[in-house]
Amino acid sequence: MGLVQRAIEAEGIPTAGISILREVTEKVRPPRSVFLRYPFGHPLGEAFNVAQQRTILLDALAALETITEPGTILEPGYVWRRHRFR
Amino acid sequence: MGLFHELPNTLVVQAFKRAPWLASRWAKRHRFVEGRDIPWTPLRKPVAESVIALVTTAGVHLKSQEPFDMEDPDGDPSFRAILSDARKEDLTITHRYYDHSAADGDINVVLPVDRLRELAAEGRIGGIAPLVYGFMGHIHGRHLSRLIAEFAPEVARRLKGDGADAVVLTPA
C-alpha cells in the first residue's frame with residue numbers, strides 16, 4: 001500500500017495511510033501514517049462499529065493537517081476490542 | 001527463517017491468520033522496496049475544504065468487474081475504479097491472502113465510504129471524490145515494477161483528474 005501512497009504523493013496529492021504492520025511502513029516510508037495494532041483485514045476496526053471507524057478515519061484526516069515531518073507514523077494506541085470509542 | 005521466502009505467499013498468509021505474531025516476524029525479514037527520499041506534498045487547504053479520495057489495497061472491486069488474479073503467485077498489480085457511491089451489494093473482495101470476513105459484512109472495515117459520506121454531510125471534509133480505487137496488495141516479483149512504474153502513477157494521475165485534494169489509503 002505504501003508504494004501506491006508514495007506514487008500518489010509524488011504526483012502532487014497529499015496522502016495519509018492507515019498501517020497495521022509498523023515494520024513494513026518503516027521500510028517503505030510513506031509520507032504520513034497512522035499505525036494501529038490491529039489484525040489484518042481490520043484497518044478501520046470492527047464491522048458495524050461506527051464510532052470506531054469514524055474515529056480512525058478522522059485520525060487519518062487529522063494526520064494530513066498535523067504531520068509536518070515526512071515519514072511520520074502516528075500511533076493513537078487503541079487496544080483491539082478494548083478501547084471504548086464514542 | 002529463510003523458510004518464509006520459499007513458501008508460496010498464500011500459505012504464509014494462512015499461517016498469519018492463526019498466529020498474528022508471525023506477521024511482524026515476516027515483515028522484519030521480508031525484503032520490501034525500501035523508500036529513501038520520502039515524497040511530500042503539503043496540504044493546500046484545510047481538510048474541511050478538501051475533496052477526499054479513498055484508495056484501498058484490500059482487494060475491493062465491483063462484482064461486475066474482473067476479479068483480481070489470485071492464481072499468479074506474484075499477485076495482480078492492476079486496479080479497479082469504483083464509483084464512491086456504488087451500492088454495497090455491488091461490491092465484493094477478491095483477496096485470498098487475508099481474512100476479509102469482517103469486511104464482507106461491512107465494507108467500511110476496509111473502505112470507509114459511509115463514514116466519509118457522514119463527514120461530508122457534517123462539513124468535516126469538503127467533499128468526496130467521485131471514484132475510489134481498489135488494488136489488491138501483496139504484489140511481488142516481476143509485478144512490483146509494473147505497480148511502481150505503471151499502475152500506481154496512473155491512479156495518481158486519475159485522482160488528480162477526479163479533483164482529489166487529498167487521499168486516505170487503507171490496507172488489507
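Novice: Talk me through the overall build of chain A; I want residue IDs and the actual numbers.
Specialist: Within chain A one finds three helices and three strands. Seen in sequence order, chain A has helices and strands lined up from the N terminus as α-β-α-β-α-β. In terms of overall dimensions, chain A is globule-like: its C-alpha atoms have a radius of gyration of 13 Å, near the 12 Å expected for 86 residues. By its C-alpha atoms, chain A is 35 × 25 × 20 Å across when sized along the principal axes. Sorting the 86 residues of chain A into buried and exposed places 52% on the buried side.

Novice: Give a description of the overall build of chain B that names residues and reports values.
Specialist: When you go through chain B residue by residue, the secondary structure sums to six helices and seven strands. Each helix and strand of chain B, ordered N terminal to C terminal, gives the series α-α-α-β-β-β-β-α-α-β-β-α-β. Buried residues in chain B amount to 40% of all 172 residues. Restricting the contact set of chain B to residue pairs at least 6 apart, pairs at least 24 apart contribute 80%.

Novice: Lay out the interface of chain A and chain B with the relevant residues and their values.
Specialist: Frequently, the measure chosen for interface size is the accessible area that the parts lose on association. Across the boundary between the two partners, chain A contributes 45 residues, which contact 53 residues of chain B. Of all elements in the fold, only helix H1 (2–10), strand S1 (15–19), helix H2 (22–28) and helix H3 (50–66) of chain A reach the threshold of two or more residues within the side of chain A that touches chain B. Here the residues of the side of chain A that touches chain B sort into 26 nonpolar, 10 polar and nine charged. The pairing of S1(A) with strand S7 (residues 166–170) of chain B spans three bridges and is classified as parallel.

Novice: Help me get a handle on unusual backbone geometry, residues and values and all.
Specialist: Residue and element names in this part refer to chain A. The phi dihedral of phenylalanine 48 falls on the positive side, at around 65°, and the residue is not glycine. Secondary-structure assignment places phenylalanine 48 in the loop between strand S2 (32–35) and H3. By C-beta crowding, phenylalanine 48 is classed as exposed, having 12 other C-beta atoms within 10 Å. In this model, arginine 81 sits at a positive phi of 65°, which is unusual for a non-glycine residue. Looking at the secondary structure, you find arginine 81 in the segment after strand S3 (72–74).

Novice: Now, about the confidence of the model for chain B: what can you tell me, with residues and values included?
Specialist: Residue and element names in this part refer to chain B. Per-residue pLDDT for chain B averages 89, and the proportion of residues at 70 or more is 82%. Low pLDDT, under 50, characterises residues 1–6; the stretch is placed with four contacts to residues that sit more than four places away or in other chains. Scoring of the predicted complex yields 0.90 for pTM and 0.98 for ipTM.

Novice: Would you mind going over the nonpolar core in detail, with residue names and values included?
Specialist: Ranked by internal contacts, the top residues of the largest apolar core, which has 66 residues, are Val4(A), Val155(B) and Val167(B). Every residue in contact with Val4(A), bar those within four places of it in the chain, is listed here: Val55(B), Thr57(B), Phe135(B), Ala152(B), Val155(B) and Leu169(B).

Novice: Help me get a handle on the pairing of strand S1 (residues 51–56) of chain B, residues and values and all.
Specialist: For a regular strand, side chains alternate in direction, first toward one face of the sheet and then toward the other. All names here are of chain B. Burial runs high along S1: five of the six residues are buried. As paired elements, S1 and strand S5 (residues 127–128) share two bridges and run parallel to each other. Note on S5: the bridge partner recorded for valine 51 is glycine 127. Examined bridge by bridge, S1 and S7 share five bridges and lie parallel to one another. The partner of leucine 54 across the bridge, within S7, is valine 168. Bridge count for S1 against strand S6 (residues 131–134) is two bridges, and the pairing is parallel. Pairing of valine 55 across the sheet is with tyrosine 133, part of S6.

Novice: Describe the packing of H1(A) against helix H6 (residues 142–161) of chain B, naming the residues involved and giving the relevant values.
Specialist: One can describe the packing of H1(A) onto H6(B) by two numbers: an axis separation of 8 Å at closest approach and a directional angle of 50°. Between H1(A) and H6(B), the angle falls in the class oblique. The two elements H1(A) and H6(B) cross, and the hand of that crossing is right-handed. In this structure, H1(A) uses Leu3(A), Val4(A), Ala7(A) and Ile8(A) to contact H6(B), whose residues at the interface are Leu147(B), Ile148(B), Ala152(B), Pro153(B), Val155(B), Ala156(B) and Leu159(B). Looking at the contact of H1(A) with H6(B), its residues break down into 11 nonpolar, no polar and no charged.

About the thresholds
- Residues numbered from 1 in each chain as written.
- Chains lettered and ligands numbered in written order.
- Predicted model: local features only at pLDDT ≥ 70, side-chain atom pairs only at ≥ 80, totals over all residues.
- Helix = DSSP H or I, 4+ residues; strand = E, 2+ residues; numbered from the N terminus.
- Rg over C-alpha atoms; globule rule 2.2 N^0.38 Å.
- Buried ≥ 20, exposed ≤ 12 C-beta atoms within 10 Å, placed from the backbone.
- Contact = placed C-beta atoms within 7 Å.
- Nonpolar A, V, L, I, M, F, W, Y, C, P; charged D, E, K, R; others polar.
- Pairing = 2+ DSSP bridges.
- pLDDT = per-residue confidence, 0-100.
- Core = buried A, V, L, I, M, F, W, Y, C linked by C-beta atoms within 7 Å.
- Axes fitted to C-alpha atoms, helices over the stretch in contact; angles between N-to-C directions.
- Parallel < 35°, antiparallel > 145°, perpendicular 65-115°, else oblique.
- Left-handed = near helix turned anticlockwise from the far one by under 90°.

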